[in-house]
Amino acid sequence: MTTGMGTRVRFTLERDEHSVHQVFAHIVPAGEKNEKRVLCTGWRVSRTERGFVEGVNASGELIDVARDDWGKMLALREDLRDRDNLENICLVKVHSRGNRLTIDGYTLSARVDRVTWHKIEHCMEEVDSSENDELLEGDHFIGWVVKPGMESEVERILDVKPAKRVTD
């Protein structure tokens, strides 16, 4: 892609020294011939003599690309990170009882990537214990839980290791 100033930039998703997926920019700075690889740490808005400018923060430099393009890179990175969670995924018990709503079921131990989510979403329901004016037992919980009776189906789809299963 091209920055607002016309400089070519290439974004890649790579694992860093800790094996975590990160976004890196490969860019040839103005006046130079060699490509430079820099870690991208997020979206930044800065005030300059030209007014406010925004773009990707890359080792203290601002790369002015379309925010939608950056959003797509972040979504890809999150999917890769979430896919890594599948190796140790399991169901975790959650319990919350209030004056209006009781949540007693299982949630996922970690986020999953979009492809995996689409496979299990029919087994999940969203809950929000903040509907309760008063919490009587357990902890507050806002998120997704497995629909009652669907635990074994979710574990099968996620290929939960036998030692980590809550169902037989």
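Above this text you will find the structure in question.
Reference entry: report on the structure contained in this document. (Residues numbered from 1 in each chain as written. Predicted model: local features only at pLDDT ≥ 70, side-chain atom pairs only at ≥ 80, totals over all residues. Heavy atoms only, no water.)

Once that is clear, we can look at unusual backbone geometry. For Ser59, which is not glycine, the phi torsion reads 50° and is therefore positive. On the secondary structure map, Ser59 appears in the loop between strand E4 (51-58) and strand E5 (61-63). The exposed category is assigned to Ser59, whose relative accessible area is 52%. With a phi close to 55°, Asp159 is a non-glycine residue in the positive phi region. Here Asp159 shows up in the segment after helix H3 (151-158). (Helix = DSSP H or I, 4+ residues; strand = E, 2+ residues; numbered from the N terminus. Buried < 20%, exposed > 50% of the residue type's maximum accessible area, 1.4 Å probe, protein only.)

Let us look at the nonpolar core. Counting 14 residues, the largest nonpolar core has Val9, Phe11, Ala25, Cys40, Val56, Ile63 and Trp70 as its most contacted members. Looking at this core, the elements that each hand over two or more residues are strand E1 (9-15), strand E2 (21-27), strand E3 (36-48), E4 and helix H1 (67-84). Among all residues touching Val9, those that are not within four sequence positions of it are Met1, Thr3, Ala25, His26, Ile27, Ile63 and Val65. (Core = buried A, V, L, I, M, F, W, Y, C linked by side-chain atoms within 4.5 Å. Contact = heavy atoms within 4.5 Å.)

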